[in-house]
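# Results of the structural survey
Residue strings, one per chain:
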Amino acid sequence: MDQNELKRQVAKAALSFIDDDCILGVGTGSTVNCFIDALAQSGIRIEAAVSSSDESTRRLQDIGITVVDLNTAGPLDLYIDGADEFDANRYLIKGGGGALTREKIIAEAARRFVCIVDQSKKVKVLGKFPLPVEVIPMARGLVARKLVALGGQPELRENFTTDNGNLILDVHNLDLVDAAGMERKINNIPGVVCCGIFALRKADTVLVSSESGIQRF
């Protein structure tokens, strides 16, 4: 079974968490794209959605779902999103698609956060995937030096600007054994908008697709 099929399977499994007429938070990425496709075919009635990216907004609108601003929506019933990595604590690394700040905001606003991934995303300790950090452009050099001081090797994501108009530094080789502690340290650096560690607001449920079916963590 190829990875695309695993993504489709876990996307379909997430539909069982959705109540009719809910306000749904929707993330960004290839697995979320599969989820939006599955939602279109499900017949589930969605009152509205809050989207973490312009791309997801477009996809949701294409299937007839009204997308509203989070300030209008208020607290959300459910947030569905993928991840680049997850561990046994349900801590995540996110931001491979560059939407980490909006994703973290929506996760914080949601009563329940369900993360959908395939088996390749499971790790013992976070950090194999480079950690995305969104930075204000004028602070790029400052933040990079601070990240080096924390033990990382930051690399500018070339030819990329976030939907918020900022830059991404992808940080290699950080020690993320204390993921929550590192999340706090990075987020406290002046010029950092958000880092891609989701430990302070981790997933409530992680659905994982594998050759043997869907596992729930």
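Keep in mind the model is a prediction, meaning the values are calculated, not measured. (Residues numbered from 1 in each chain as written. Predicted model: local features only at pLDDT ≥ 70, side-chain atom pairs only at ≥ 80, totals over all residues. Heavy atoms only, no water.)

### Description of helix 7 (residues 179-187)
Looking at helix 7, one finds that the buried residues are A179, A180, G181, M182, E183 and I186. Buried residues belonging to helix 7 abut helix 5 (100-109), strand 7 (131-135), helix 6 (140-149), strand 10 (192-195) and strand 11 (197-198). (Buried < 20%, exposed > 50% of the residue type's maximum accessible area, 1.4 Å probe, protein only. Helix = DSSP H or I, 4+ residues; strand = E, 2+ residues; numbered from the N terminus. Contact = heavy atoms within 4.5 Å.)

### Comments concerning the sheet that holds strand 2 (residues 46-51)
Spatial ordering of the open sheet is given by 2-1-3-6-12-13, a layout of six strands whose pairing is mixed. In the strand order of this sheet, the two ends are held by strand 2 and strand 13 (213-216), each with one partner. On average, adjacent strands in this sheet sit at an angle of 25° to one another, irrespective of strand direction. Alignment of strand 1 (residues 22-26) against strand 3 (residues 78-81), held across three bridges, turns out to be parallel. For G25, the partnering residue across the bridge sits in strand 3 and is Y79. Its contacts with the sheet place helix 1 (residues 3-14) against strand 3, strand 6 (113-118), strand 12 (205-210) and strand 13, and it is angled at close to 140° to strand 12. Against the sheet, helix 5 makes contact with strand 1, strand 2, strand 3 and strand 6, and its axis sits at roughly 150° relative to strand 3, the strand it touches most. (Pairing = 2+ DSSP bridges. Axes fitted to C-alpha atoms, helices over the stretch in contact; angles between N-to-C directions.)

### A closer look at the pattern of salt bridges
Summed over all chains, the structure comprises 13 salt bridges. In this structure, R8 engages E5 in a salt bridge whose closest nitrogen and oxygen atoms are separated by 3.1 Å. Pair noted here: R8 and E5 are both in helix 1, with a separation of three residues, about one helical turn. What makes R8 partly exposed here is its relative accessible area of 39%. Where R157 meets D170, a salt bridge forms, and the shortest distance between an N and an O atom there is 2.8 Å. One end of the pair, R157, is in the loop between strand 8 (153-156) and strand 9 (167-172); the other, D170, is in strand 9, and 13 residues separate them in sequence. A residue is classified by how much of its surface remains accessible, and R157, at 15% relative accessible area, is buried. Note on D170: relative accessible area 13%, which makes it buried. (Salt bridge = Lys/Arg side-chain N within 4 Å of Asp/Glu carboxyl O.)

### So, the sheet that holds strand 7
Here we have four strands laid out as an open sheet, ordered 8-9-7-10, and antiparallel in their pairing. Of all the strands in the sheet, the pair left with one neighbour each is strand 8 and strand 10. Along the sheet, successive strands turn relative to each other by an average axial angle of 30°, direction set aside. Relative to strand 9, helix 6 is tilted by about 15°, and along the sheet it contacts strand 7, strand 8, strand 9 and strand 10. Across the face of the sheet, helix 7 comes into contact with strand 7 and strand 10 while running at roughly 165° to strand 10.

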